[in-house]
Amino acid sequence: MPWAAMAGIISAALSVWMITQVYLLHKQRQEKKLEEMFAPQREPRPTAPSRRKESPKLTLASPGRPLQ
């Protein structure tokens, strides 16, 4: 069998394998997304904007601020 034909067969097989891997990854992510949407069993994680709204916590290491 010529080398070019062998390379073509191998590249086709690798392409099919890579396409199936991407499909399975997409399917897995979609299932996880749907599970999180329809089964909210745990508390939602805070998003970045909600963390910014929190007031800074006063500690002993905060200079110039009185203790409460």
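Residues numbered from 1 in each chain as written. Predicted model: local features only at pLDDT ≥ 70, side-chain atom pairs only at ≥ 80, totals over all residues. Heavy atoms only, no water.

1. Some thoughts on the overall build of the protein
Part 1 of the reasoning: If you tally the helices and strands in the protein, you get 2 helices and 0 strands.
Part 2 of the reasoning: Counting every position in the protein, which comprises 68 residues, the buried fraction comes to 1%.
Part 3 of the reasoning: For the protein, the computed accessible surface area is about 7,200 Å², with 63% contributed by carbon and sulfur atoms. (Helix = DSSP H or I, 4+ residues; strand = E, 2+ residues; numbered from the N terminus. Buried < 20%, exposed > 50% of the residue type's maximum accessible area, 1.4 Å probe, protein only. Areas by Shrake-Rupley, 256 points an atom, 1.4 Å probe, with all protein chains shown as cover.)

2. Regarding a nonpolar patch on the surface
Part 1 of the reasoning: Residues Met1, Trp3, Met6, Ile9, Ile10, Leu14, Trp17 and Met18 make up a contiguous nonpolar surface patch of about 1,000 Å² in total accessible area.
Part 2 of the reasoning: Structurally, the position occupied by Ile10 is in helix H1 (residues 3-38).
Part 3 of the reasoning: Looking at Ile10, the relative accessible area reads 48%, which means it is partly exposed. (Patch = residues over 30% accessible without salt bridge, like charges linked within 9 Å, V, L, I, M, F, W, Y side chains within 5 Å. Salt bridge = Lys/Arg side-chain N within 4 Å of Asp/Glu carboxyl O.)

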